[in-house]
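Residues per chain, in single letters:
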Amino acid sequence: MQIAPLSLFVSATLLSLSVSAQDTATVTAIESERTEKQAELDNYTQVLDKHLSEETRLQAQLDLLRQRSAELDKEKNQALDAMNDIYRRLIDDPSLDISAAQGRYQQAVSEHKQNKEDIVMQLAAIASHRKDIEQIRVTKHTLVNTIASLNDQLSTARIERLRNEFSREGTLEVDHTINCKRTETLAACEQRGQQLGLQKATKHFIDQIFANLTEQRVVEPKRHLAGAQVQVVSSHVVGSAFSGQGNYSVNLSVTMRGDVNNSRLCSLLNLDNRYCSEYGSPLALGYQANYPTTYSDEQLTFSNDLSQNKPVVSVARMPASPDIATEIAPQPPKNREVELTLRSNVYDDEVFINGVSYGSTKLVVNLPAGMHDIEVRKLGYEPYKANLNLRRARTLNARLVKKPESIAAPTPKSEQTQPVQQVAASQPVKIVNPDRVINETVIIPAGSFKMGDLTGNGLANERPVVEKVLSHSYVMQSKEVTVSEFRRFIDSSQYITEAEKGKGCAHYKNGEPVWEIDYNWRAPGYQQADDFPVVCVSYEDAKAYANWLSGDQGMQYRLPNEVEWEYAARGDTTSEYPWGNEIGRNQANCGWCGSEWSNKSPAPVGQFAANAYGLYDTVGNVWEWTQKRASQDDVTVRGGAWNFAPSLARVSTRLALTPDFRANYIGFRLVRER
């Protein structure tokens, strides 16, 4: 008997898809929050650009005022000479009209005085403007990290939504008809019909799952890679019947649940595989919508009081026996700013520091530690000059002596001569048998590389990509400077860090930077051991350590510049990270990177594999200070940190900060001159 062709009709109704709209709501909320934060970031970027332009304008005005100061000074001297000349002639000819000479001199003095006042006001305006720029930059960095974190949360939410959509449970009713074979019994035909009905139900269920995916357009082209499966939870026959022509019809009600290979979800959405690894996720911390991005002046204003600074001991390497104690005079860390107060015994004078006008006394100004040429001038007086080695905060009283030949008005009685304050030199510090700091160094070979955002995923300040050539090799510490290494510096020099004498150290709390007065390198807000990277140190603290280590080791150490840092960190690669373009899982310590320290604290140095040049922790752990150029006011940190998003740990990422900023996620490593 010829078998009749298979007759099939499927009528399916998806009765229940037990997927909550919460997944999509979460994704939508994160996307909305990200859009809002991106708009804020764009706005702050525009505001920062305007502030930087305004700072340039203010600085240009200051330069013009200082140039005009020399011109006005010359005019004042000429007017005085002219007035003195006519006074001498007046002795022989009392009828001479001296009003023109007097008027010229009075105008010259008035304009010169006004110019000095303008210089003082301009300096104050620039200082205030720089504080505003500092606030904006900190806010920008917070927004950058927030957006990067939202991107991570969004990827995780998308994966979770897709997983839940594949895991839907629903019930289908299937009408299915087949022709019974001549050779099979009615029971066998019934069983076969029900099995084929189940197969068609599962196929249709999978079709329904894919058709109802939120990101169906993204996933459908890779459907064959999904590994989607269906589990039959229950099924029962609603109705069945045999016809006189040998057909069997069945109506099945089948409850099914979808399933998918979780490891393939990332490839379906074109995401980094780390989101599909068993390491937890950013959403486990709870999605936080409304990240605060504004901060009070009290939070972000740093103290300029450096009066508590203690000198750093610079120990020269001597050829003598290590058992012999060497007594060496303390030296201040280079480029550290120190407060200088200037007074004089006259009024309406003018102060010049290194040839630049700073207005009249009383003057309080912050200057880099080191040698400075000080000059105080006033018409009719011998200028006061001093070559000052500024080591710590001090007050200088300048005594100006009146020129005997001058015909200018005498000094008012109210101005009393004050003796120059003498500042006692610091006592030398004796260091006996200093232990050498042990931080292995590696040689970074000479070469060239492309610096910047090579993949198009970076921030605006990573572009354009520039070809850089390093014509000489250099030596770099393989690991970040540790707590124990920094402690030796402190014990040897009695140096006090910015955090210990100022407002403490910044840390992230609930998505915003917060200043904690009690945080410093000894107590950064988490438990640390001697082999942890030292944090809560400012740029100036890092440079002070480098200066001390140079004397201690008899070799020149310094912070790496940005070119040296990125070249070494890349390790002769062109990818986002030394191992590729994906952060992966547990390959570094950064926020949501899958390490046991991620979002908790730095890791002990050297816990992850080194790059091709033998450098550890150039990705994550702590941001690292780099040497700023002479033309820069700000300093750049590189490398990402344990509580910053993986996208900010890329080798080309750079964040600009003020030199006195410090946080429990910023440390450093040094290079050594060869």
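Residues numbered from 1 in each chain as written. Predicted model: local features only at pLDDT ≥ 70, side-chain atom pairs only at ≥ 80, totals over all residues. Heavy atoms only, no water.

Labelled according to an unreviewed UniProt entry, the chain appears under the name Sulfatase modifying factor 1, originating from Pseudoalteromonas rubra.

This part takes up the overall build of the chain. Secondary structure assignment for the chain yields 10 helices and 26 strands. Buried residues in the chain amount to 48% of all 674 residues. (Helix = DSSP H or I, 4+ residues; strand = E, 2+ residues; numbered from the N terminus. Buried < 20%, exposed > 50% of the residue type's maximum accessible area, 1.4 Å probe, protein only.)

Let's shift gears to the nonpolar core. The biggest cluster of nonpolar side chains holds 57 residues, and the ones touching the most others in it are Trp625, Phe661, Tyr665 and Phe668. In terms of domain composition, this core takes at least three residues from each of domain 1 (19-163) and domain 4 (441-672). Of all hydrophobic cores here, the second largest spans 29 residues; its members include Ile206, Phe210, Ala226 and Tyr275. (Core = buried A, V, L, I, M, F, W, Y, C linked by side-chain atoms within 4.5 Å. Domains from an automatic or database assignment.)

Turning our attention to the sheet that holds strand 22 (residues 623-625). Here we have four strands laid out as an open sheet, ordered 24-23-22-25, and mixed in their pairing. Single-partner strands in this sheet number two, and they are strand 24 (654-657) and strand 25 (666-667). Where strand 23 (residues 635-638) meets strand 24, four bridges bridge the pair, whose relative direction is antiparallel. From the neighbouring strand, Thr636 faces strand 24, where its bridge partner is Ala656. (Pairing = 2+ DSSP bridges.)

Under the defined criterion, the tally for this structure stands at four disulfides. What pairs with Cys180 in a disulfide is Cys189, and their sulfur atoms sit 2.0 Å apart. Looking down the S-S bond of the Cys180 and Cys189 bridge, the torsion is -80°, so its handedness is left-handed. Grouping residues by exposure puts Cys180 and Cys189 together as buried. Across the disulfide from Cys590 sits Cys593; the S-S distance is 1.6 Å. Taking the sign of the S-S torsion, -55° for the link of Cys590 and Cys593, the bridge is left-handed. Here the cysteine-cysteine linkages of the chain are recorded as 1-2, 3-4, 5-6, 7-8, numbering only bonded cysteines and doing so in sequence order. (Disulfide = S-S within 2.5 Å.)

Glancing now at the packing of aromatic side chains. Tallied over the entire structure, the rule returns 21 aromatic pairs. On the numbers, 5.5 Å between centres and 50° between planes, the contact of Phe489 with Trp548 is tilted. You can see Phe489 sitting in helix 7 (residues 483-493) and its partner Trp548 sitting in helix 9 (residues 539-553), a full 59 residues away along the chain. On the basis of relative accessibility, which here comes to 0%, the residue Trp548 falls in the buried class. Ring plane angle 85° and centroid distance 5.4 Å describe the contact between Tyr508 and Phe644, whose orientation is recorded as edge-to-face. Of this pair, Tyr508 sits in strand 19 (residues 505-509) while Phe644 sits in the loop between strand 23 and strand 24, placing them 136 residues apart in sequence. In this structure an aromatic cluster arises from ring pairing among Phe486, Phe489, Tyr495, Trp521, Tyr545, Trp548 and Phe668. Arg377 extends its terminal NZ or CZ atom over the ring of Phe352, reaching a point 3.8 Å from the ring centre. (Phe/Tyr/Trp six-rings, centres within 6.5 Å; stacked < 30°, edge-to-face > 60°. Lys NZ or Arg CZ within 6 Å of the ring centre and 35° of its normal.)

Time to look at the pairing of strand 18 (residues 474-477). Across the two faces of strand 18 the burial is the same, with Tyr474 and Met476 and Val475 and Gln477 all buried. Sheet topology places strand 15 (residues 441-444) next to strand 18; four bridges connect them, and they run antiparallel. Looking at the pairing, Thr441 lines up with Gln477 of strand 18. Bridge count between strand 18 and strand 26 (residues 671-672): two bridges; the pairing is antiparallel. Each bridged residue has a counterpart across the sheet, and for Val475 the counterpart in strand 26 is Arg672.

Time to look at the pattern of salt bridges. Applying the stated criterion across every chain, the model contains 31 salt bridges. When the shortest N-O distance is used, the salt bridge between Arg377 and Glu375 registers 3.2 Å. Between Glu564 and Arg558 there is a salt bridge whose closest N-O contact spans 2.8 Å. Residue classification places Arg558 among the partly exposed positions, given a relative accessible area of 21%. Connected via shared salt-bridge partners are Glu562, Glu566, Arg570, Arg638 and Arg654. (Salt bridge = Lys/Arg side-chain N within 4 Å of Asp/Glu carboxyl O.)

Here we take up unusual backbone geometry. The linkage connecting Arg463 with the following residue, Pro464, adopts the cis geometry, with an omega of 5°. Structurally, Pro464 is set in the loop between strand 16 (447-451) and strand 17 (466-470). Here the phi dihedral of Asp572 falls at roughly 65°; this positive angle occurs in a residue that is not glycine. Relative to the elements of secondary structure, Asp572 occurs in the loop between helix 10 (562-570) and strand 22. For Asp572, a relative accessible area of 67% puts it in the exposed group. Positioned with a positive phi, Trp592 is a non-glycine residue whose angle comes to about 60°.

Ordered in space as 8-5-12, the three strands form an open sheet in which the pairing is mixed. Here the strands that pair on one side only, and so sit at the sheet edges, are strand 8 (363-368) and strand 12 (394-398). Adjacent strand axes in the sheet meet at a mean angle of 30° when their direction is disregarded. Examined bridge by bridge, strand 5 (residues 337-344) and strand 12 share five bridges and lie parallel to one another. Paired with Ser344 across the two strands is Ala398, which belongs to strand 12. (Axes fitted to C-alpha atoms, helices over the stretch in contact; angles between N-to-C directions.)

What follows deals with the environment of Thr658. Inspection of the secondary structure assignment puts Thr658 in the loop between strand 24 and strand 25. With a relative accessible area of 16%, Thr658 lands in the buried category. As for Thr658 and Ile133, which are separated by 525 residues in sequence, their C-alpha atoms are 9.4 Å apart.

Closest axis-to-axis distance for the helix 1 (residues 22-92)/helix 2 (residues 99-166) pair is 5 Å, and the angle between their directions is 165°. As far as their axial angle goes, helix 2 and helix 1 are roughly antiparallel. Our pair here, helix 1 against helix 2, has a crossing hand that is left-handed. The residue inventory of the contact of helix 1 with helix 2, partitioned by class, reads 33 nonpolar, 19 polar and 23 charged. (Parallel < 35°, antiparallel > 145°, perpendicular 65-115°, else oblique. Left-handed = near helix turned anticlockwise from the far one by under 90°. Nonpolar A, V, L, I, M, F, W, Y, C, P; charged D, E, K, R; others polar.)

You can see Asp23 is positioned in helix 1. At 7.0 Å, Arg161 is the nearest oppositely charged side chain to Asp23, a buried residue that forms no salt bridge. For Asp23, the side chain forms a polar contact with the side chain of Asn164, separated by 2.6 Å. Setting aside its immediate chain neighbours within four residues, Asp23 contacts Glu160, Arg161 and Asn164. (Lys, Arg positive; Asp, Glu negative; His and termini not counted. Polar contact = N/O pair within 3.5 Å; in protein donor to acceptor, adjacent residues only side chain to side chain. Contact = heavy atoms within 4.5 Å.)

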